[in-house]
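Chain residues, written in single-letter form:
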Amino acid sequence: MRPSAVGLDSGQRSQCGTDRGVVISHYAFGVPSPASQSADNVEQAFAGGDEDALRAAYELYGALVYTYCRRSLDESRAKDVTQEVFIRALRNRGQYKPHKGTLAGWLIAIAKNRIIDNIRAEQRHEKRRSEADLGEVAVEAQVDQAGDRMMVAEALRCLSDRPRRVIAMHYFDDLTHSQIADRLSVPIGTVKSDLRRGLLQIRRQLESVHG
Amino acid sequence: MDEERAGRTDSAIEALLRDLDAAELELIDPPEDVWEGIESAVQAADDAPGAVIALEFRRRKVRRIMLSAAAALVLVAAGVAAAVTLTRDDPARVIASAELAYDPASFDELGAQARAGAELFAEDDRHSIKIVDALLPSPEDGADLEAWLIQPDEEGNVADLVSIGLVDPDDPGRLEVPAGYDPKAFFVLDISIEPRDGDTSHSGRSILRGPLREL
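Everything in this summary refers to the structure shown in the same document.

Basis of the calculations
- Residues numbered from 1 in each chain as written.
- Chains lettered and ligands numbered in written order.
- Predicted model: local features only at pLDDT ≥ 70, side-chain atom pairs only at ≥ 80, totals over all residues.
- Helix = DSSP H or I, 4+ residues; strand = E, 2+ residues; numbered from the N terminus.
- Buried ≥ 20, exposed ≤ 12 C-beta atoms within 10 Å, placed from the backbone.
- Contact = placed C-beta atoms within 7 Å.
- Pairing = 2+ DSSP bridges.
- Axes fitted to C-alpha atoms, helices over the stretch in contact; angles between N-to-C directions.
- Core = buried A, V, L, I, M, F, W, Y, C linked by C-beta atoms within 7 Å.
- Nonpolar A, V, L, I, M, F, W, Y, C, P; charged D, E, K, R; others polar.
- Parallel < 35°, antiparallel > 145°, perpendicular 65-115°, else oblique.
- Left-handed = near helix turned anticlockwise from the far one by under 90°.

**Some words on the overall build of chain B**
Part 1: Tallying secondary structure elements over chain B gives 5 helices and 9 strands in all.
Part 2: Ordered by position in the sequence, the α and β elements of chain B form the string α-α-α-α-α-β-β-β-β-β-β-β-β-β.
Part 3: For chain B, the proportion of its 215 residues judged to be buried stands at 39%.
Part 4: Sequence separation of at least 24 residues holds for 65% of the intrachain contacts in chain B that already meet a minimum separation of 6.

**Description of the overall build of chain A**
Part 1: When its secondary structure is counted, chain A shows 8 helices and 2 strands.
Part 2: Secondary structure of chain A in N-to-C order comes out as β-β-α-α-α-α-α-α-α-α.
Part 3: The buried share of chain A, reckoned over its 211 residues, is 50%.

**Here we look at the sheet that holds strand E8 (residues 206-211) of chain B**
Hydrogen bonds along the backbone pair up the strands of a sheet, which may run parallel or antiparallel.
All names here are of chain B.
Part 1: Here 4 strands make up an open sheet; going across it, the order is E5-E4-E7-E8 and the pairing antiparallel. Of all strands in the sheet, those bounded by a partner on one side alone are strand E5 (158-167) and E8. Strand-to-strand twist of the sheet, defined as the mean angle between neighbouring strand axes without regard to direction, takes the value 25°.

**A word on the nonpolar core**
Part 1: Of all hydrophobic cores here, the largest spans 61 residues; its most connected members are Ala-57, Leu-107 and Ala-111 of chain A.
Part 2: If one sorts the elements of this core by residue count, helix H2 (residues 53-72) of chain A sits on top with 13 residues.
Part 3: In terms of nonpolar packing, the next biggest core, distinct from the first, is built from 39 residues, Ile-95, Ala-96, Leu-120 and Ile-207 of chain B among them.

**Concerning the sheet that holds strand E2 (residues 115-123) of chain B**
Residues and elements named next belong to chain B.
Part 1: Reading across from one edge, E6-E3-E2-E1-E9 is the order of the 5 strands in this open sheet, with antiparallel pairing throughout. Each of the sheet's edge strands pairs with one partner strand only, and the pair in question is strand E6 (174-176) and strand E9 (213-214).
Part 2: Relative to E9, strand E1 (residues 93-100) is paired through 2 bridges, and the arrangement is antiparallel. Paired with Ala-96 across the bridge in E9 is Glu-214.

**Comments concerning the interface of chain A and chain B**
Part 1: Contacts between the two partners involve 49 residues from chain A and, on the opposite side, 44 residues from chain B.
Part 2: Among the elements of the structure, H2, helix H3 (75-91), helix H4 (103-126), helix H5 (129-158), helix H6 (161-172) and helix H8 (188-210) of chain A are those that each provide at least two residues to the side of chain A that touches chain B.
Part 3: In the side of chain A that touches chain B, the residues fall into 21 nonpolar, 14 polar and 14 charged.

**As for the packing of H2 of chain A against H3 of chain A**
Residue and element names in this part refer to chain A.
Part 1: The N-to-C vectors of H2 and H3 enclose an angle of 140°; their axes lie 9 Å apart at closest approach. Here H2 is positioned oblique relative to H3, judged by the angle of their axes. Here the hand of the crossing between H2 and H3 comes out right-handed. Facing Leu-54, Tyr-58, Gly-62, Val-65, Tyr-66, Cys-69 and Arg-70 of H2, the residues of H3 in contact are Ala-78, Val-81, Thr-82, Val-85, Phe-86 and Leu-90.
Part 2: Within the contact of H2 with H3, the residues separate by chemical class into 10 nonpolar, 2 polar and 1 charged.

**Brief notes about the environment of Val-94 of chain B**
Part 1: Take Val-94 of chain B: it is sitting in strand E1.
Part 2: Remark: the alpha-carbon pair of Val-94 of chain B and Leu-120 of chain B, spanning 26 residues in sequence, is separated by 5.5 Å.

Structure, rendered in structure tokens:
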């Protein structure tokens, strides 16, 4: 058994995007977190062409995009790519369809291509073409995988408190459904329902990146 | 479409969850000057409508590509036509095509004998470009052919562009249009010679170029 992941213990704040200041009450079970509602509002406003939505989107997802960039790039290039992602998102916001996926996933998809372009250009400088081609495959897989992990983490941050705790106890602490039900004093069906809801949320985030 | 990844099973998602490291849940706040850069770039675009300056151009060595006057007229006209139906989302169907041409006045002489066409495929919200009927030269050692999509401004100059990948002269294949780039706006296909010098901007050494036109 490994220690519970940071940020997933009881009484934690919702960390959807970077809206980290909203405490999820233990009694607000089943109610979408204020952070999630905020994310929905920003997605709609962004897609609708609201000029202030770029700032709101950046406040929610700037750290998500920047962190993703930092997984593969140095600080200077990560800053450049983060800027490019939001500028391109603004220019092409007509392509974003909230009903097809999350804004977070769409931004991560843009970031993924920009990161790969950036690394590829660097490789082109250092390697001959045959070697670079082999490297590109590895780079794309690596950046792709990092993006998936970012979106899984983002999905967890966006869950309300109890499903998040249930997922942490099951997948990180390796507790059974019965053990979780006992510890949280809820029916076992509720545990299964929370796990299902969590997996669906993660799937939606991943589909936002991969289409 | 990345169908395999989009439709992944619960067990694949569970494997991702179990493999997640606690540190990956922590986000790094971007430095303050990141937003300042975004804001100033957006402001610059607002101040100069039709002449959007991409951030990479401002922060790196600028190599603006000027299209010839004749090409500019073609591109503006083509833009009006191309902007109509490039959003049709029938699965993997060709929705536009291009005939690429060599401009002796401004292109690299290596392209003088080159020729190629291109087809734009649409599948849901994703697009890809297949280079067809190609007779492409091999660039010098230490350089590659690279394909770009260009967004021209109203005067036919380059407002923005994006690389869509390296092109093998013997097997150009199909190239994915990166997410976030709308072929309605980036409707000019360009193939250039790019030295492996670490500079991500366009070299200015185009060999072929042409607008995508709806079918």
